[in-house]
Every structure is written in C-alpha cells, then in structure tokens.
Amino acid sequence: MNSSDVSQFIFLYIRMIIECLVLKTMKKQEYFVMGVMSGTSLDGIDLAYIHFKKDKKWSYNIICAQTVAYDTEWETKLRNGVEYATVQLECLNASYTQLLSEVIKTFIEKNQLINIDAVCSHGHTILHQPENKLTLQIGNLEILAQLINQKVVCDFRVQDVVLGGQGAPLVPIGDQLLFSEYTYCVNLGGFSNISTAINNERIAYDICPVNIVLNHYVQKTGVSYDDKGMMASSGEVCQLLLEKLNNINFYKLPPPKSLGLEWVKLMIIPLIDSYELSIKDILRTFVEHVAIQIGSMLIKDKSSVLFTGGGVYNLFLMKRIREYSNAEIIISSPELIEYKEALIFGFLGVLKLRNEINVLASVTGAEKNHSSGEIFTI
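Values in this document were obtained by computation on a predicted structure and should not be read as measured data.

A. Structural context of unusual backbone geometry. The peptide bond linking Ala168 to Pro169 adopts the cis configuration, its omega dihedral lying at -15°. Its location among the elements puts Pro169 in the loop between helix 5 (158-162) and helix 6 (172-178). Even without glycine at this site, Asn199 takes up a positive phi of about 50°. Take Asn199: its relative accessible area is 74%, and that puts it in the exposed class. The backbone of Lys228 sits at a positive phi, close to 60°, despite the residue not being glycine. According to the relative accessible area criterion, Lys228 is partly exposed, its value standing at 46%.

B. Fine view of the pattern of salt bridges. What the rule picks out here adds up to 8 salt bridges. We note a salt bridge from Lys28 to Asp117, for which the minimum N-O separation is 2.6 Å. Remark: Asp117 occurs in the loop between helix 3 (86-110) and strand 4 (118-129) and Lys28 occurs in the loop between helix 1 (3-25) and strand 1 (30-38); sequence separation between them is 89 residues. A salt bridge links Arg284 to Glu288, with the shortest nitrogen-to-oxygen separation between them at 2.7 Å. In this pair, Arg284 and Glu288 are both assigned in helix 11 (residues 279-295), 4 residues apart and thus about one turn of the helix distant.

C. Representation of the sheet that holds strand 10 (residues 304-308) within the structure. With mixed pairing, the 5 strands of this open sheet are ordered in space as 9-8-7-10-11. Both outer strands of the open sheet, strand 9 (201-209) and strand 11 (328-331), are each paired with one neighbouring strand and no more. Strand-to-strand twist of the sheet, defined as the mean angle between neighbouring strand axes without regard to direction, takes the value 20°. Both strand 7 (residues 184-188) and strand 10 contribute to a ladder of 4 bridges, which runs parallel. The partner of Tyr184 across the bridge, within strand 10, is Val305. Sheet contacts for helix 13 (residues 334-353): strand 7, strand 10 and strand 11; angle to strand 10, the most-contacted strand, approximately 80°.

D. Here's a closer look at the layout of surface pockets. Approximately 230 Å³ is the volume attributed to the second largest pocket. Forming the boundary of the second largest pocket are 15 residues, of which His128, Pro130, Glu131, Ser258 and Trp263 lie nearest the centre. Listing elements by their share of the lining of the second largest pocket, those giving two or more residues are strand 4 and helix 10 (261-273). Ranked by residue count, the leading element in the lining of the second largest pocket is helix 10, at 3 residues. Split into classes, the residues belonging to the lining of the second largest pocket amount to 7 nonpolar, 5 polar and 3 charged.

E. Broad picture of helix 7 (residues 211-218). Among the 8 residues that make up helix 7, 7 are buried, leaving the element largely enclosed by the rest of the structure. Among all positions in helix 7, only Asn211, Ile212, Val213, Leu214, Asn215, Tyr217 and Val218 are buried. Contacts made by the buried residues of helix 7 are with strand 7, strand 8 (191-198), strand 9, helix 8 (230-233), helix 10 and helix 11.

F. Focus on the nonpolar core. In this structure, Met34, Leu188 and Phe307 are the most contacted members of the largest nonpolar core, which totals 80 residues. Of the residues forming this core, the biggest block, 9 residues, is contributed by helix 3. Apart from the residues within four sequence positions on either side, Leu188 is in contact with Val210, Asn211, Ile294, Phe307, Thr308, Gly309, Gly310, Gly311, Val312, Leu317, Met318 and Ile321. By size, the runner-up hydrophobic cluster in this structure holds 34 residues, among which are Ile62, Cys120, Leu343 and Val350.

G. Inspection of the packing of helix 7 against helix 11 at higher detail. Two elements in contact, helix 7 and helix 11, have axes whose closest approach is 9 Å; the angle formed by their N-to-C orientations is 170°. Here helix 7 is positioned roughly antiparallel relative to helix 11, judged by the angle of their axes. Two secondary-structure elements touch here, helix 7 through Val213, Leu214, Tyr217 and Val218 and helix 11 through Ile279, Ile282, Leu283, Phe286 and Val287. For the contact of helix 7 with helix 11, the residue count by class is 9 nonpolar, no polar and no charged.

H. View of the pairing of strand 7. In terms of burial, strand 7 is a largely internal element, 5 of the 5 residues being buried. Going residue by residue along strand 7, you find Tyr184, Val186 and Leu188 tucked away on one face and Cys185 and Asn187 tucked away on the opposite face as well. Where strand 7 lies against strand 8, 5 bridges are found, and the strand directions are antiparallel. Paired with Val186 across the strands is Ile194, a residue of strand 8.

Here is what the cut-offs are and how they apply
- Residues numbered from 1 in each chain as written.
- Predicted model: local features only at pLDDT ≥ 70, side-chain atom pairs only at ≥ 80, totals over all residues.
- Heavy atoms only, no water.
- Helix = DSSP H or I, 4+ residues; strand = E, 2+ residues; numbered from the N terminus.
- Buried < 20%, exposed > 50% of the residue type's maximum accessible area, 1.4 Å probe, protein only.
- Salt bridge = Lys/Arg side-chain N within 4 Å of Asp/Glu carboxyl O.
- Pairing = 2+ DSSP bridges.
- Axes fitted to C-alpha atoms, helices over the stretch in contact; angles between N-to-C directions.
- Contact = heavy atoms within 4.5 Å.
- 1 Å grid on protein atoms, 1.4 Å probe; cavity = no way out; pocket = protein on both sides within 12 Å on 5 of 7 lines; lining within 4 Å.
- Points joined across faces, edges and corners; volume = space filled by probe spheres on them.
- Nonpolar A, V, L, I, M, F, W, Y, C, P; charged D, E, K, R; others polar.
- Core = buried A, V, L, I, M, F, W, Y, C linked by side-chain atoms within 4.5 Å.
- Parallel < 35°, antiparallel > 145°, perpendicular 65-115°, else oblique.

In structure tokens, the structure reads:
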C-alpha cells in the first residue's frame, strides 16, 4: 500500500467515525408514544397512542385513545387519599401503580401496539402543596417500567416544585408548540386553567375549580355528572354565595398560581355548604361563578379561545361563559376535548427523551426552564 492509499484509507476512516458520531448525536424526528393521564375530576384514566413528528414545527396524530373509568372503590380511594397517613399513601401508590400497569398493558394488547418509544404517564395527583415544596402523583414508581415491559417517562411535576415552581400547569409547553394559532387555550376539567402568550412569553395558571365541585354535588343526587348542565340550568343563582365565591383571595393573586383538592376542601366546599341550598341552586350558582372567572380572563381584542376538557360538554356552562366574553370560542374535536392532556403529557415525554425544555419557568414560577420527569428503562 503506497502513501496515497494510506492517506485515502485514513481519510475514509476518519470520515466514517465522524458520520457515526453525527448519527449518534442526531435526534429522532418521529416518535410513537403513549400518553397516560388521570385528572382530579376522577372520570378515569385517559390513554392515547400518538405519533409526533418534528419538521419545521411539531405535528401530531392521535392514532387511538380510550378512557378507562374508575370503579367505585378506586374513586373513593383517590378522593380520600389527601387525608391518608404516610404508610397508607405508600400502599396506595404501590396498588395504583399496579392498577395503572394493568390498564396500560390491556390498552397495548387491545390495539396491538408494537412500536412504542415510551409510555409517558402523569399518574394521579393526591397531594399538591407547592408552597410547602410538596406534590405527589401516585403511579410513578420505577417498577411500572418492568410491569408493562416498556420505557416509561413520568413524574413530571416534582422537579419543578423543587426548583421553586408551582409544578403546574404543565400543559402550556404543548399549547405553545402544538396550538400556537389560538390566542388562549382553556381546559375545563376538575379545574379550569388557561394558557396564552404575553410579550412573546408563555403565561398559564389555574383559574378556578370546575368539575371537581360540580360533580361533588351532583353525585349526591345519584348521577355521576350534570348532563349538558340541565340540572344547573333549572336552578337559581344565590347572589350572596356568588359574591362570596368571587371574592375569594386566590382570584386576586397574580400568576403563577395553581389549585389542588386540598384547597377545594378547605375553601370551597365549607363555604357552599354554609348556605344550605338545594343541589340545583348550588350547581346554578357555581356555574355562574366559573363563567365569571373564566370570562374575566379572556380580555384580549379579537381573540380566539380553544376550549378542551370534559367541562365543554356542559352546554349550559359554555353558554354562560359566552355571556361574559367577546372572544371567538372554538370547541375542538371530541378527540381533542377528551384527550388533549394525555396528548400533551405524551409530548412532555418526547421532549424529556430529547433532553429539551418541557416546563416553562414563566408558567410555573420555577427558577429556570427545565426538562422535567424521570425516565425508567426495562
């Protein structure tokens, strides 16, 4: 081998090494993940299998999705978990992780899913006290990866709380990267939350409780929820209670701010119960309260608002919100209404896999933007 051949060999060898290093460091542009979400309204576990693709911007396709309802026993456990002692919480965490694994495995088998980059799971919030540096989402134990035989990305809130943030809301990074064409994104679930851009910076926060309160009272009549808001629409507004609700100090606080079940049990339920109203009058009054609080947030001129979450199906609530806002209210497809949060927690998982920012300090009040969550491998 002459010197020319040696030089060419060295050149080709170095080029091969460089190409291998480039390929190794290149990020994937397509991901197939599962998003798994359980919200405070306790209507069940949302599961969505999603294809994400990065071109000039991110796009998504929800391939299949399902909600698995909780039975009465689990609903009671999750509702009362906030009052559990440490040992009880540990047992609840372990048993809920087992439940979650069974639900996820059934979904995978039912839909014959083979290509899964990761299962991205929110878990279920039991404790949320960011002012005490505390938030707990059960179902995020490391054993989940072994139980379902899949890579898992989970526990998205804890790191933000450690960094001084509210640990919520986390959905706005998805609003920013997937739904930027809307002025506001509003979710109506157990709580309502809003996301928007101000001076090119994402701002988001919880507005007020919604289904977590409405369902609490309507279930006393023997039904799960107020279908289309018909029961609320038949009631009368208690002006004294409405005034008290609207004057709660939380609504005067600037963002970042977030709400939890503990706050509802401390501030909302005792206040409502002190008025000894009929269920239909409670629902009517609280719907008006929610509509006023949400409407007061939609203040930008010529704005468009994407509404999602189960509360959208409360047609009376949506009617009252329209009375308090001049914004163009856009109701998304049923698929997005029901699975937007599962979709976005899948997206948070993708960003975590890429070691990219998935939690915004402008939203949560943390000391910095960060890539939050735990990655558990098989």
